[in-house]
Amino acid sequence: MNLKEAIARFRTWQKTPRQYSDQNLGSHCCANCGHEFTGNYCPICGQNANDGRITWRSVGQSILNVLNMDSRSLPITLWQLLLRPGYLIGEFLNGRRRVCQPPLNTLFAVAVIYVIVMNIFGLDSDTDITVQGAPVMEQVSSWLKNHPAWGMMSVTMVMILPTWILFRFAPRNTNHSLPESAFIQIFMSSLMLICALLSNLLPWLFILIPLYYYVTYRQLFGYKFWGTLWRLFACGIVWFSIITLIAMVMFMFEDDNNKSAFLIGCMFPLIIISVILTTGYWISKKTSPTTTNSL
Ligand SMILES: [Zn+2]
């Protein structure tokens, strides 16, 4: 098999990693409860149709069960998240819940791995960012550091709004809802936590963070190269503006003297956010092949 074939096979796997089929045609008698049935599982007690005599295959299956390595296990979920993130998220949104572990469980498991690896490599030592005269910012940054799952989630959740507005006329997963947008970002949090961990070990791997956002959004929403790139870039600017806005409001509560100056300062990110979201929404709607879909 040459490289071209290997890539083609990988691309096919990315889109359809597994087929579900009834491998047990005809009716069988359940070995556990004696019920007569057709299909893969007994409808009365839930036993697998293949369970009966103990074979070498049952031995292998038992070991995998002990290690919790079925299709919804953490290693297989992470494997899919790293190699086909957008397709996996798309399947989950479209109701295919048996394809992976629930996203929040995955996120907290990744956070545990994150803390353990950071401890092993001694990377959790104090590198506190001290902002002069801003104890609130110090508290926020140390809270983010000490709660990797919640911290990463609060950072990626800022992407919900720009993603929801700029990608709603996308060729794939059109008109996704706000709760769906939130679930997309929970998946992204796990992925970003892995990227953050890797870039703590090797700083140049920081490049994975924008790269994975690009790959995921391209697979998930189906825009081509430029369509994905400019929308994601716009999302990034909105993300940065919202974070700036939150930081400014925090500063405002600390410093009573310059309230009016801060209020004027807050106008800038607000203007940037509304201009980008309105323009992006308008362009996406105009260029959408499914413009007839009302909001
Ligand atoms: Zn049964």
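Note that this is a predicted model, so its numbers are computed, not measured. (Residues numbered from 1 in each chain as written. Predicted model: local features only at pLDDT ≥ 70, side-chain atom pairs only at ≥ 80, totals over all residues.)

### Concerning the overall build of the protein chain
The condition is simple: The numbering of helices and of strands both runs from the N terminus, where a helix is a DSSP run of H or I of at least 4 residues and a strand a run of E of at least 2. As defined in this context, the radius of gyration uses C-alpha atoms, and a globule is described by 2.2 Å times the residue total to the power 0.38. Three exposure classes are used, all based on how many other C-beta atoms lie within 10 Å of a residue's own C-beta (placed from the backbone): buried at 20 or more, exposed at 12 or fewer, and partly exposed between those limits. Distance between backbone-placed C-beta atoms decides contact: two residues are in contact if it is within 7 Å.
For the protein chain, the count of helices and strands is 12 helices and 2 strands. Start at the N end of the protein chain and walk to the C end: the helices and strands fall as α-β-β-α-α-α-α-α-α-α-α-α-α-α. For the protein chain, whose C-alpha radius of gyration is 24 Å, the value lies well above the compact-globule estimate of 19 Å for 295 residues. Along the longest, intermediate and shortest principal axes, the C-alpha atoms of the protein chain span 80 × 55 × 45 Å. Residues classed as buried in the protein chain amount to 22% of the 295 residues present. Of all intrachain contacts in the protein chain linking residues separated by at least 6 positions in sequence, the fraction that spans at least 24 positions is 61%.

### As for unusual backbone geometry
Even without glycine at this site, N173 takes up a positive phi of about 50°. By the secondary structure assignment, N173 is in the loop between α8 (160-166) and α9 (178-201). Unusually for a residue other than glycine, N175 sits at a positive phi of about 55°. With respect to the helices and strands, the residue N175 is situated in the loop between α8 and α9. Note on N175: 14 C-beta atoms within 10 Å, which makes it partly exposed.

### Describing the packing of helix α11 (residues 225-254) against helix α12 (residues 259-287)
The cut-off we apply is this: Axis definition: a line fit to C-alpha positions, over the contact stretch in the case of helices; interaxial angles, taken between N-to-C directions, run 0 to 180 degrees. For classification, angles of less than 35 degrees are called roughly parallel, those exceeding 145 degrees roughly antiparallel, those between 65 and 115 degrees roughly perpendicular, and all remaining angles oblique. If you view the pair so one helix is near and one far, a crossing is left-handed when the near helix is turned anticlockwise from the far one by less than a right angle, and right-handed when it is turned clockwise. Residues were grouped as follows: Ala, Val, Leu, Ile, Met, Phe, Trp, Tyr, Cys and Pro as nonpolar; Asp, Glu, Lys and Arg as charged; and all remaining residues, including Gly, as polar.
At a minimum axis distance of 9 Å, the contact between α11 and α12 shows a crossing angle of 160°. Classified by the interaxial angle, the pair formed by α11 and α12 is roughly antiparallel. With respect to the hand of their crossing, α11 and α12 are arranged in left-handed fashion. Contacts between α11 and α12 involve R231, A234, I237, V238, S241, I242, T244, L245, M248, F251 and M252 from the former and K259, F262, G265, C266, P269, L270, I272, I273, I276, L277 and G280 from the latter. Across the contact of α11 with α12, the residue classes tally to 16 nonpolar, 4 polar and 2 charged.

### Here's the deal with the confidence of the model for the protein chain
Short version of the rule: Note: pLDDT gives the predictor's confidence per residue, expressed from 0 to 100.
Confidence along the protein chain averages 86 in pLDDT terms, with 92% of residues attaining 70 or more. Counted against residues more than four places away or in other chains, residues 291-295, with its pLDDT under 50, gives 3 contacts.

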